[in-house]
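These are the residues of each chain, in order.
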Amino acid sequence: GSAPGPARPGTKRLPRAIVVGVKKGGTRAVLEFIRVHPEVRALGTEPHFFDRNYHRGLEWYRSLMPRTLDSQITVEKTPSYFVTKEAPRRIFNMSRDTKLIVVVRNPVTRAISDYTQTLSKKPDIPTFEGLTFRNRSLGLVDTSWNAIRIGMYAVHLQSWLQYFPLSQIHFVSGEKLITDPAGEMGKVQDFLGIRRVITDKHFYFNKTKGFPCLKKSESSGLPRCLGKSKGRTHVQIDPEVIEQLRDFYRPYNIKFYETVGQDFRWE
């Protein structure tokens, strides 16, 4: 055979930490921010292993991972894991020590953001109101619609707690990620057991987009903001619909706060 090329340092390892959710919560921001850390190597794309590609096996999953040194942690993110029934058991079977990160935001805002994203790809879908209610005059919310279902965090969390203790799950506030990115990322670094390297000096606020950007990205040393699809202007929703949704989510939110011991102040 031909002479081997220069060996790249490091080994492909299964992730020690996974950002498991939630969609439209701020998971991409967390991934982009944490990968600035020299002790973290992150997979840029979503592998969807524990929901769509599980049949391909752990070796296939490992092959996707970036190479790491012994001192580095491998991280991946796929926000749909949080609402996938089989994901907690499958991740537990890979390693019961896996650290899990869940980025949550106000479920009403999250649902509108989710709908806005879908609308940009499929402009002919029904209205937000039409999809939200099974019967609007009775205030019956359609919990089978994914955009609504994802925000019922307390329900999904129960599946995870059957396999993982709360001490292995870290909840990031999607709201605070915008107002205080360094503070939220400080807690993420503590949770991962790595030095607090990512601080205020890494961020600046982009007024046009309405959220923080990195002063220097991992790859280029140039400022880095999230892609065009982030920070879209949300669809205007009837305030009465928003009020009905707030009422719907309130008991789920309270249960979630009680379970995780953290008040996200979405009320």
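Residues numbered from 1 in each chain as written. Predicted model: local features only at pLDDT ≥ 70, side-chain atom pairs only at ≥ 80, totals over all residues. Heavy atoms only, no water.

If you check an unreviewed UniProt entry, the chain appears there as Sulfotransferase from Panurus biarmicus. Taken verbatim from the UniProt record of the chain, the Sequence similarities (unreviewed entry) comment is "Belongs to the sulfotransferase 1 family." (UniProt positions renumbered as here; feature names shortened; annotations may be inferred.)

### Some remarks on the overall build of the chain
When you go through the chain residue by residue, the secondary structure sums to 10 helices and 11 strands. For 267 residues, the compact-globule estimate of 2.2 N^0.38 gives 18 Å, and the C-alpha radius of gyration of the chain, at 19 Å, lies within 12% of that figure. Seen through its principal axes, the chain has C-alpha atoms that stretch 70 × 40 × 40 Å. Counting all 267 residues of the chain, 47% fall into the buried class. When contacts within the chain are restricted to residue pairs at least 6 apart in sequence, long-range pairs at least 24 apart make up 71% of them. Side chains of the chain give 43 positive and 26 negative charges; the mean places of these two sets differ by 7 Å. (Helix = DSSP H or I, 4+ residues; strand = E, 2+ residues; numbered from the N terminus. Rg over C-alpha atoms; globule rule 2.2 N^0.38 Å. Buried < 20%, exposed > 50% of the residue type's maximum accessible area, 1.4 Å probe, protein only. Contact = heavy atoms within 4.5 Å. Lys, Arg positive; Asp, Glu negative; His and termini not counted. Charge placed at Lys NZ, Arg CZ, Asp CG, Glu CD.)

### Regarding the side chain of Thr-78
Considering the arrangement of structural elements, one finds Thr-78 in the loop between strand 5 (73-77) and helix 3 (87-94). A polar contact of 3.4 Å, which involves the side chain of Thr-78, links it to the backbone nitrogen of His-48. Residues contacting Thr-78, with those up to four places away along its chain left out, are Val-19, Val-20, Gly-21, Glu-46, Pro-47, His-48 and Asp-51. (Polar contact = N/O pair within 3.5 Å; in protein donor to acceptor, adjacent residues only side chain to side chain.)

### Thoughts on the UniProt feature "active site" (unreviewed entry) in the chain
Following the UniProt record, the feature "active site" (unreviewed entry) maps to Lys-24 here. As for its position among the elements, Lys-24 is in the loop between strand 2 (17-21) and helix 1 (27-34). The exposure class of Lys-24 is buried, given its relative accessible area of 14%.

### Structural notes on helix 10 (residues 239-260)
Across its 22 residues, helix 10 extends 29 Å between first and last C-alpha, which sits within 8% of the 32 Å expected from 1.5 Å per residue. Sitting at the amino-terminal end of helix 10 is Asp-238, which places a side-chain oxygen 2.8 Å from the backbone nitrogen of Glu-240. Backbone geometry just after helix 10 places Gly-261 at a positive phi near 70 degrees. (Expected span 1.5 Å × (residues − 1).)

### Concerning the pairing of strand 5
The element strand 5 is largely enclosed, with a buried count of five among its five residues. The alternating pattern of strand 5 places Ile-73, Val-75 and Lys-77 and Thr-74 and Glu-76 on opposite faces, both of which are buried. Where strand 2 lies against strand 5, three bridges are found, and the strand directions are parallel. What sits directly across from Val-19, in strand 5, is Lys-77. Bridge count for strand 3 (residues 40-42) against strand 5 is three bridges, and the pairing is parallel. (Pairing = 2+ DSSP bridges.)

### A few points about the UniProt feature "binding site: 3'-phosphoadenylyl sulfate" (unreviewed entry) in the chain
Cross-referencing UniProt, the feature "binding site: 3'-phosphoadenylyl sulfate" (unreviewed entry) maps to Lys-24, Gly-25, Gly-26, Thr-27, Arg-28, Arg-105, Ser-113, Lys-230, Gly-231, Arg-232, Thr-233 and His-234 in the present numbering. On the secondary structure map, Gly-26 appears in the loop between strand 2 and helix 1. Residue Gly-26 is classed as partly exposed on the basis of its relative accessible area of 24%. If near-sequence neighbours (up to four positions away) are discounted, Gly-26 is found in contact with Val-103 and Leu-177. Within the secondary structure layout, Thr-27 lies in helix 1. Apart from the residues lying within four places of it in its own chain, the contact partners of Thr-27 are Val-19, Gly-21, Val-22, Lys-77, Pro-79 and Val-103.

### Observations concerning the pairing of strand 11 (residues 211-214)
The sheet contact formed by strand 10 (residues 203-206) and strand 11 spans four bridges and is antiparallel. For Phe-205, the partnering residue across the bridge sits in strand 11 and is Pro-212. The turn linking strand 10 back onto strand 11 is made up of four residues, and Gly-210 within it adopts a positive phi angle of 85 degrees.

### Things to note about the packing of helix 1 against helix 9 (residues 181-192)
It is at 11 Å that the axes of helix 1 and helix 9 come closest, and there the two elements cross at 70 degrees. When the interaxial angle is binned, helix 1 and helix 9 end up roughly perpendicular. For the pair helix 1 and helix 9, the contacting residues are Val-30, Phe-33 and Ile-34 in the first and Pro-181, Met-185, Val-188, Gln-189 and Leu-192 in the second. Each residue belonging to the contact of helix 1 with helix 9 can be placed in one class, and the counts come to seven nonpolar, one polar and no charged. (Axes fitted to C-alpha atoms, helices over the stretch in contact; angles between N-to-C directions. Parallel < 35°, antiparallel > 145°, perpendicular 65-115°, else oblique. Nonpolar A, V, L, I, M, F, W, Y, C, P; charged D, E, K, R; others polar.)

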